[in-house]
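Next come the chains, spelled out residue by residue.
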Amino acid sequence: MARDSKVWRCGKYELKFDRPRIMGVLNVTPDSFSDGGEHLDTEAAIAHGLKMLDDGADIIDVGGESTRPGFTPVDPDTEAQRVLPVVKALARAGAIVSIDTRHVEVAKAAVRVGASIVNDVTGFTDPRMVDFVKESDCGVVIMHAGEVSDIERPRTHTAVQLDTSAAAFMAEKAREAEAAARALGATGKSKRAAKAKLISGMIQPLQPQLPFDALLAADGAAPAEQRSAAAAESSAAATEPVEGAVALDATPSDGAAVAVSAADAPAGASADDLASVMARSAARTGSANRTSQLRRFTLPDSAPIMRRVMGFLSDQARALIHAGVDRERICLDPGPGFGKDANEDIVIQREMGKIASLGYPTLCAVSRKRLVGAIAGVEDARDRDIATFGVCLGAIEQGANIVRVHDVAGFYQFLNGFWAIARPQPRRAYVALGSNKGDREENIRSARDLIAQIPMTCVSACSRIYESEPAYETRQAAFANAVVEIKTELAPLILLEELMKIEQKLGRTRAKGARPNGPRVIDCDLLWMDNEIHGGDKLRLPHPYLGERDFVLVPLEDLMHNPARFFRYEGVDVKEPEDRVGHVVAELGTL
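Please read all numbers here as calculations on a predicted model, not as lab measurements.

Each value, and the rule that gives it
Residues numbered from 1 in each chain as written. Predicted model: local features only at pLDDT ≥ 70, side-chain atom pairs only at ≥ 80, totals over all residues. Heavy atoms only, no water. Helix = DSSP H or I, 4+ residues; strand = E, 2+ residues; numbered from the N terminus. Buried < 20%, exposed > 50% of the residue type's maximum accessible area, 1.4 Å probe, protein only. Contact = heavy atoms within 4.5 Å. Areas by Shrake-Rupley, 256 points an atom, 1.4 Å probe, with all protein chains shown as cover. Pairing = 2+ DSSP bridges. Axes fitted to C-alpha atoms, helices over the stretch in contact; angles between N-to-C directions. Phe/Tyr/Trp six-rings, centres within 6.5 Å; stacked < 30°, edge-to-face > 60°. Lys NZ or Arg CZ within 6 Å of the ring centre and 35° of its normal. Arc of directions from axis to C-beta. Polar contact = N/O pair within 3.5 Å; in protein donor to acceptor, adjacent residues only side chain to side chain. Salt bridge = Lys/Arg side-chain N within 4 Å of Asp/Glu carboxyl O. Parallel < 35°, antiparallel > 145°, perpendicular 65-115°, else oblique. Left-handed = near helix turned anticlockwise from the far one by under 90°. Nonpolar A, V, L, I, M, F, W, Y, C, P; charged D, E, K, R; others polar. pLDDT = per-residue confidence, 0-100.

Caption draft 1: The arrangement of the overall build of the protein chain in detail. Looking only at helices and strands, one finds 19 helices and 16 strands in the protein chain. Looking at the 591 residues of the protein chain, the share that counts as buried comes to 52%. Within the protein chain, contacts between residues at least 6 apart in sequence are counted, and of these 71% link residues at least 24 apart. Counting only carbon and sulfur atoms, one obtains 51% of the accessible surface of the protein chain, whose full area is about 25800 Å².

See the structure below:
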């Protein structure tokens, strides 16, 4: 997966996946399972979103309604009041913003104020949501949420579960013994003895002892008829289909796991009323636990699970395409914790390659969820970040393109460490150099030499050095400018840190009181990098002023044919020469 050719078009942005992309979780809610209430205040939410961008997030996923077990449903107006100011501020900072909502009214408003992605927990089963996104150009995330989206659909067949557990095996043998005894005309004690003999012969190979083996103890136990009846009852419990099951992620610290049938929902519950559907979840947990105890293998068979999940995701993707949504706007999320228990979620994560093979960008959204706690033995959701990184890495190895995490800074470090060793991947980037203090040309050459010393980086080409008029603050000396083309294996934020160290080493300070466009010994601006889009206060890619700076575009002509056309294709608004700032007035020599 060192080079993935998939593209995800999200409004004006185009995400490419030569590296996995990080989606930061921003819950503007009082009751989310791992960080509820931390970012309910608008200013706190915006600050946290900007911090995640500076920590390495490519996308910020903003949600205003928790879907944890026992959650309180939020009406669209309340949800909109929570998320819209946050979405608007982050979009203005250049972020790719995803709105995590099941309400079409909120999705419409969020896209209007700058959101580029609609992440629908119900998998676009609401026709109104489909009607909206087909008229938009936003990216869409189709999530599988178990049977949440199937509540109103009439079932055309009865669900059948093939049970290969030991309980079913024993029940079948008991029925065979009883039939054989009837055929022989056996009665009373001889009938019971025949059944007991046949059954006891079958239980010897079953090691280790299973919970129901106590019913089949050889001496001093209940009569054989009771034992066979108990085995049959266990088999029936194990094979009982659960219609319309719905389960959302839960942990010991954030609520019990839930599974409830549509039939158990209160009268009048709508398909969109998740709280009503979950009202009687406790009644189902007992039978679910019994079933898990009766399995003969550590995990359930993957085939029926993947058929159910992949069938829903591919069906919904085709439905959106037929409605008019471009294929390259669609991303798939198997929905860990929604409608699935921990065992099923682990199976799905192991089979992410099959979902990736459908050809759409694939999202791994396991952060701090129940399956992570089950794997790592960690009860508190807030302590599951390290285990989350491991599960995410496994999903990436299987073909996942995007990971949705709470701890962006930690995962960014983790991913960079892995990628540097396991995925050699030099990428092209352009760095602009400028100086108008001291020996201007020597400052630029010194910066070039220091760039060549950055780890995992080399200078591959240099423009000539040009003199230009000062831009933005015109009452200062003229500048010397150049652009260097580099190849680097560093992530953009890591490369930026190295460039800032070079500025500091050559005598430039970027203190808060310093004039940002005033005289300076050296200026090292990261202009552009292959397949990278980034927003935030720390770094913007492509550089937000690239298209208006003559002192950048002219040197770039030494390095590429028609840079104006190239960057326009990359989505940069490149101005005509007469409308630019910092016009080039002379050539000073070679670099």
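Caption draft 2: Spotlight on the sheet that holds strand S5 (residues 96-100). Judged by pairing direction, the sheet is parallel, and its 8 strands sit side by side in the order S8-S7-S6-S5-S4-S3-S10-S9 without closing on themselves. Looking along the sheet, the strands with just one partner apiece sit at the ends: strand S8 (330-333) and strand S9 (363-364). Strand contacts of helix H10 (residues 302-323): strand S7 (139-143) and S8, with the helix running at about 150 degrees to S7, the strand carrying the most contacts.

Caption draft 3: The packing of aromatic side chains, seen in detail. Enumeration according to the criterion identifies 9 aromatic pairs in this entry. For the pair Tyr 430 and Trp 528, a centre-to-centre distance of 5.8 Å together with 35 degrees between the ring planes defines the contact as tilted. Of the two residues, Tyr 430 is situated in strand S11 (residues 427-435) and Trp 528 in strand S15 (residues 523-529); the sequence distance between them amounts to 98 residues. Look at Tyr 430 and you get buried, because its relative accessible area is 0%. By the ring-pair criterion, three or more aromatic residues cluster together here, those being Tyr 430, Trp 528, Phe 566 and Phe 567. When the ring centre of Trp 419 is taken as origin, the NZ or CZ atom of Arg 423, which lies over that ring, is 5.4 Å away.

Caption draft 4: Spotlight on helix H4 (residues 127-134). Buried within H4 we find Met 129, Val 130, Phe 132 and Val 133. All buried residues of H4 fall inside an arc of 165 degrees around its axis, so they share one side. Capping of H4 at its N-terminal end is provided by Asp 126; its side-chain oxygen lies 2.9 Å from the backbone amide nitrogen of Arg 128.

Caption draft 5: The arrangement of the pattern of salt bridges in detail. Considering all chains together, one arrives at 36 salt bridges under this definition. Across the pair Asp 61 and Arg 404 runs a salt bridge, and its minimum N-O distance is 2.9 Å. Residue Asp 61 is located in strand S4 (residues 59-63), and its partner Arg 404 is located in strand S10 (residues 402-405); the two are separated by 343 residues in the primary sequence. The two residues Asp 61 and Arg 404 agree in class, both being buried. One salt bridge in this structure joins Arg 464 and Asp 558, with 3.1 Å as the shortest N-O distance. Taken together, the positions of Arg 464 in the loop between strand S12 (457-462) and strand S13 (465-468) and Asp 558 in the loop between helix H18 (550-556) and helix H19 (563-569) put the pair 94 residues apart, joining distant regions of the chain. Residue Arg 464 is classed as partly exposed on the basis of its relative accessible area, which comes to 33%. When its relative accessible area of 29% is taken as the criterion, Asp 558 is described as partly exposed. Residues joined in a network through salt bridges with shared partners are Asp 18, Arg 21, Asp 58, Arg 427 and Glu 532.

Caption draft 6: Quick peek at the packing of helix H14 (residues 385-398) against helix H15 (residues 408-422). Close contact between H14 and H15 brings their axes to 11 Å; oriented N to C, the two are set at 45 degrees. Between H14 and H15, the interaxial angle falls into the category oblique. Like other packed secondary-structure pairs, H14 and H15 cross with a definite hand, here right-handed. For the pair H14 and H15, the contacting residues are Phe 389, Cys 392, Leu 393, Ile 396 and Glu 397 in the first and Gly 410, Phe 411, Phe 414, Leu 415, Phe 418 and Trp 419 in the second. Taken together, the residues that form the contact of H14 with H15 break down as 9 nonpolar, 1 polar and 1 charged.

Caption draft 7: Quick look at the environment of Lys 108. Its place among the elements puts Lys 108 in helix H3 (residues 104-112). Placed 25 residues apart in sequence, Lys 108 and Val 133 show a C-alpha to C-alpha distance of 8.6 Å.

Caption draft 8: Spotlight on the pairing of S8. Because side chains alternate across S8, one face comprises the buried residues Ile 330 and Leu 332, and the other comprises Cys 331 and Asp 333, equally buried. With 4 bridges connecting them, S7 and S8 associate as parallel partners. When the sheet's bridge partners are listed, Ile 142 is paired in S8 with Leu 332.

Caption draft 9: A look at the environment of Pro 519. Along the chain, Pro 519 falls in the loop between helix H17 (492-505) and S15. Separated by 11 residues in sequence, Pro 519 and Arg 508 have C-alpha atoms that sit 9.7 Å apart.

Caption draft 10: Molecular detail of the pairing of S4. Counted residue by residue, S4 has 5 buried out of 5 residues, so it is predominantly covered. Side chains Ile 59, Asp 61 and Gly 63 of S4 all project onto a buried face; the interleaved residues Ile 60 and Val 62 project onto the opposite face, where all are buried too. In the sheet, strand S3 (residues 21-27) pairs with S4 via 5 bridges, with the strands oriented parallel. By the bridge assignment for S4, Met 23 is matched with Ile 59. Pairing analysis gives 5 bridges linking S4 to S5, with the strands arranged parallel. Bridge assignment links Gly 63 to a residue of S5, and that residue is Asp 100.

Caption draft 11: Main features of the confidence of the model for the protein chain. Model confidence for the protein chain is summarised by a mean pLDDT of 81, while 73% of its residues fall at 70 or above. Considering only residues more than four positions removed or in separate chains, one finds that residues 201-272, a stretch of pLDDT under 50, has 139 contacts. Here residues 277-292 is modelled with pLDDT under 50, and outside its nearest four sequence neighbours on either side it reaches 29 contacts, counting other chains as well.

Caption draft 12: Region of the structure containing unusual backbone geometry. Here the amide bond leading from Leu 541 into Pro 542 is cis, since omega sits at -10 degrees, within 30 degrees of zero. Within the element layout of this structure, Pro 542 appears in the loop between S15 and H18. Positive phi, close to 60 degrees, is recorded for Phe 124, a residue that is not glycine. Mapped onto the elements, Phe 124 comes out in the loop between strand S6 (117-120) and H4.

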